[in-house]
Protein chains: 2
Amino acid sequence: MRPELDTYVVYDIEDDRVRYQIANACKDYGLERIQFSAFLGPLNANKRDELFLRLKKVMGEKPGKVLVIPICEKDQKARRSITVHLDADGKPEIHEE
Amino acid sequence: MRPELDTYVVYDIEDDRVRYQIANACKDYGLERIQFSAFLGPLNANKRDELFLRLKKVMGEKPGKVLVIPICEKDQKARRSITVHLDADGKPEIHEE
């Protein structure tokens, strides 16, 4: 069993249909949406290759870009984020990691 | 001198002005735009902290999310991408890495 690495899929696609299919492919491989056009989840090298081939097929000749970036545990720990979410009353909730 | 690591900044920001300021901050730190809402470039830990603080300040209480992800050389080499670009005649040029 090859080890799983947290893998980002980040994309820039104009065509709504292609973007939707890219998102679906990511979901099928168990990745979670972390931003509008970014998914993250654990994949081993085989699954990563499979997903990459599927993304390539989906893209076809439509303009855009897809990145698939596996991240080792150490890098994943060094990741930082800021999220600002408005609650039901429109009050900002700031979350930093 | 602390070592530089290739660092991704990926964001999801609704407000045009905030998005513009995030992009400007990334450019000031020498990062290059790789997608509409993603920058990449080498930063050492100090510069990464500085940039993170600036991004936090720019975000303020505006809704959205910013991720700062340093990537070790090994992970960077395992990165894969597909880019489809239309040339002047509208013919697709497919580039895979």
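For the structure, see preceding data.
Summary of the structure given here. Residue positions are given per chain, counted from 1 along the sequence in the order it is written. The order in which chains are written sets their letters, starting at A; the order in which ligands are written sets their numbers, starting at 1. Reporting in this predicted model follows two pLDDT cut-offs: at least 70 for local features of residues, and 80 or more for side-chain atom pairs to be given and counted; totals over whole chains, interfaces and linings ignore these cut-offs and use all residues. Side-chain descriptors were evaluated using all non-hydrogen atoms of the structure, hydrogens and water having been removed beforehand.

All names here are of chain B. The secondary structure listing takes helices from DSSP runs of H or I that are at least 4 residues long and strands from runs of E that are at least 2 residues long, numbered from the N terminus. By definition here, a helix of n residues has an expected span of 1.5 Å times n minus one. The terminal C-alpha atoms of helix α1 (residues 16-28), which comprises 13 residues, lie 18 Å apart, in line with the 18 Å expected from a rise of 1.5 Å per residue. Only protein chains enter the calculation, and the probe is 1.4 Å; a residue is then buried if its accessible area is under 20% of its type maximum, exposed if over 50%, and partly exposed in between. Within the sequence span of α1, burial applies to V18, R19, I22, A23, A25 and C26. Take α1 and look down its axis: the buried residues cluster within an arc of 160°, on one side only. In this structure, α1 carries D16, R17, Y20 and D28 as exposed residues pointing more than 90 degrees from its buried face. The criterion used for residue contact is that any of the two residues' heavy atoms lie within 4.5 Å. Structurally, α1 contributes buried residues whose contacts are with β1 (5-13), β2 (32-35), β3 (38-43), α2 (45-59) and β4 (64-71). In protein, a polar contact requires one atom able to donate a hydrogen and another able to accept it; more generally it is a pair of N or O atoms within 3.5 Å, and residues adjacent in sequence count only if both atoms are side-chain atoms. Where α1 begins, the capping side chain belongs to D15, and its oxygen is found 2.9 Å from the backbone nitrogen of R17. For this quantity, the arc is that covered by the directions from the helix axis to the C-beta atoms.

Bringing the environment of B:L43 into the picture now. All names here are of chain B. Inspection of the secondary structure assignment puts L43 in strand β3. Classification of L43 by relative accessible area gives buried; the value is 2%. Placed 29 residues apart in sequence, L43 and E14 show a C-alpha to C-alpha distance of 26 Å. Beyond its immediate chain neighbours, meaning those up to four positions away, L43 contacts P3, E4, L5, T7, Y29, L31, R48 and L51.

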